[in-house]
Amino acid sequence: MTLARYPADLTARPHAHRVLAVGAVAFVYTVVMAGGTLTIPLYVLWASQFGFGSLTTVVVFIAYVVGVVGTLLVAGSLSDAVGRRPVLALSLTLTALSTVGFALADGLTVLLISRVLSGVATGLITATATSAIAELVRGRRTAAVLSTAANVGGLSLGVVAAGVLAQCVTAPTHTVFWCYLATCAVAGVSWLVIPETADRTADKTADRTADKTADRTADGTAGRSVRWQPRIRRPVLPDGASRVRSFVASGVLVAASSGVNGFFSSLAPAFLRDDLGVSNFAVIGVGVGTLFISALLAQTVAPAALVRRDIGTALLAVGMIVIEAALWTHSAPLFIVGTVFAGAAVGTLFRHGLSVTDALCHPGNRAELTATYFLFLYSGLVVPVLVLGLADQAVGTRASSTMLAALVVSTALVGLALGRRTESTSTPHTFSRPSTHLTPVEENHE
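Conventions we followed
Residues numbered from 1 in each chain as written. Predicted model: local features only at pLDDT ≥ 70, side-chain atom pairs only at ≥ 80, totals over all residues. Heavy atoms only, no water. Helix = DSSP H or I, 4+ residues; strand = E, 2+ residues; numbered from the N terminus. Contact = heavy atoms within 4.5 Å. Areas by Shrake-Rupley, 256 points an atom, 1.4 Å probe, with all protein chains shown as cover. Axes fitted to C-alpha atoms, helices over the stretch in contact; angles between N-to-C directions. Left-handed = near helix turned anticlockwise from the far one by under 90°. Nonpolar A, V, L, I, M, F, W, Y, C, P; charged D, E, K, R; others polar. Core = buried A, V, L, I, M, F, W, Y, C linked by side-chain atoms within 4.5 Å. Buried < 20%, exposed > 50% of the residue type's maximum accessible area, 1.4 Å probe, protein only. pLDDT = per-residue confidence, 0-100.

**Section: the overall build of the protein chain**
A tally of helices and strands in the protein chain yields 17 helices and 2 strands. Contacts in the protein chain between residues far apart in sequence, at least 24 positions, make up 84% of those at least 6 positions apart. Carbon together with sulfur atoms contributes 67% to the accessible area of the protein chain, which is approximately 17000 Å² in total.

In structure tokens form, the structure reads like this:
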């Protein structure tokens, strides 16, 4: 494996320019991620306006996940081939288009199309922005914290801002999105200062040659490389059995935590209104946003020694138990306490998994492997939320939420068990050196 050099125009830039570039990437990333949760407090309004129930709300949310997962499968490695800047611009453009769709929505069809577009934008930016930040910031720990802060910070800002605006303005299902569109315009201006960070000349490992095959002349000699083509790509894994186990363990754990995200991103507002008696949109926004804010704090403030699989799993179990107790006792304060624990679990597991992924990347497939990690994350949203939506109609809120809690915790325990198998044959893990087997070159690069 050959370590790629940073592009010459990037390494030559003064420190102040690099800081500005990192800030611009993080801002664009945050704005696009905010669009993914902007709709959460508004589902109850759309449900009343367009006449649909909890299962349809789940379907609208899953349309977003389908856009994300489909994009990660088809275009997860796009920025490795064409560069980070064009993909960031495309993601921001699709976000703006989806925002216009939400603002003008007059029925369920427009909502579904807009959610798919928003999901495509998210799928494009997750691996791309995460890779760009890792290439701009030399410290692995700093890069991971910045990436996760932009990702989860955007999610928290979106839901809180939408809730507050929905409570304060008239016609919230329109006004919220026109305000957000103005923010997208500001993000578009900040994109202008982002440099290209991808080194597309980095050597690829042998198992990636299928994605960049060489043209052959009539006599069999190699010609120029074929450009990236849109097609469904097999999710990639790192080399080596121990590395695969570590990566998959982190992926399973982040998928489990995604079940919590899915609940809060789809049906939690209706649960707060119908089961806990909360009708204020600002309170709903803050209540749901507490999950993402807690996750953000766990990623940016928690000591590195606490960013571990077992701690994240324990926090997840406690959070789900307390949330269940809140729903069964109709206690809003208890719900907030459980949300804080669950959010801390989400942040811890996400930050740990991202650090593992970054440790196993090499420059030629950074976006590709990162896209696989996000596939775990977003795939973990679909099954739990769909089960919750179906069960809610069949057996009621409390029983369905109990089923969700059991599914989330059991999935996390599977990931924890798989991770322990890896840890038994690897060096002690820290945030900057996760429990994976690293080559000497990678250890030195950390």
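**Things to note about the packing of helix 4 (residues 54-75) against helix 7 (residues 108-136)**
Angle between the axes and distance between the axes: these two values describe a pair of packed helices. Their axes nearest at 7 Å, the elements helix 4 and helix 7 cross at an angle of 35 degrees. For the crossing formed where helix 4 meets helix 7, the hand is right-handed. Contacts from Thr56, Val59, Val60, Phe61, Ala63, Tyr64, Gly67, Val68, Thr71, Leu72 and Ala75 of helix 4 reach helix 7 at Leu108, Leu112, Arg115, Val116, Ser118, Gly119, Val120, Thr122, Gly123, Leu124 and Thr126. Residues belonging to the contact of helix 4 with helix 7 are distributed by class as follows: 13 nonpolar, 8 polar and 1 charged.

**Quick word on the nonpolar core**
The biggest cluster of nonpolar side chains holds 112 residues, and the ones touching the most others in it are Val260, Phe264, Val288, Phe335 and Tyr378. The residues touching Val288, leaving out its near neighbours within four places in the chain, are Ile40, Val159, Phe264, Ala268, Pro269 and Leu272.

**Considering the confidence of the model for the protein chain**
Per-chain confidence: the protein chain averages 80 in pLDDT, with 83% of residues scoring 70 or above. Segment residues 1-6 is flagged for pLDDT under 50; beyond a separation of four residues in sequence, or across chains, it makes 17 contacts in the model. Within the model, pLDDT remains below 50 along residues 202-226, and this stretch shows 34 contacts once partners closer than five positions in the same chain are excluded.

**As for the environment of Gly70**
Its location among the elements puts Gly70 in helix 4. Judged by relative accessible area, Gly70 falls into the partly exposed class, the value being 31%.

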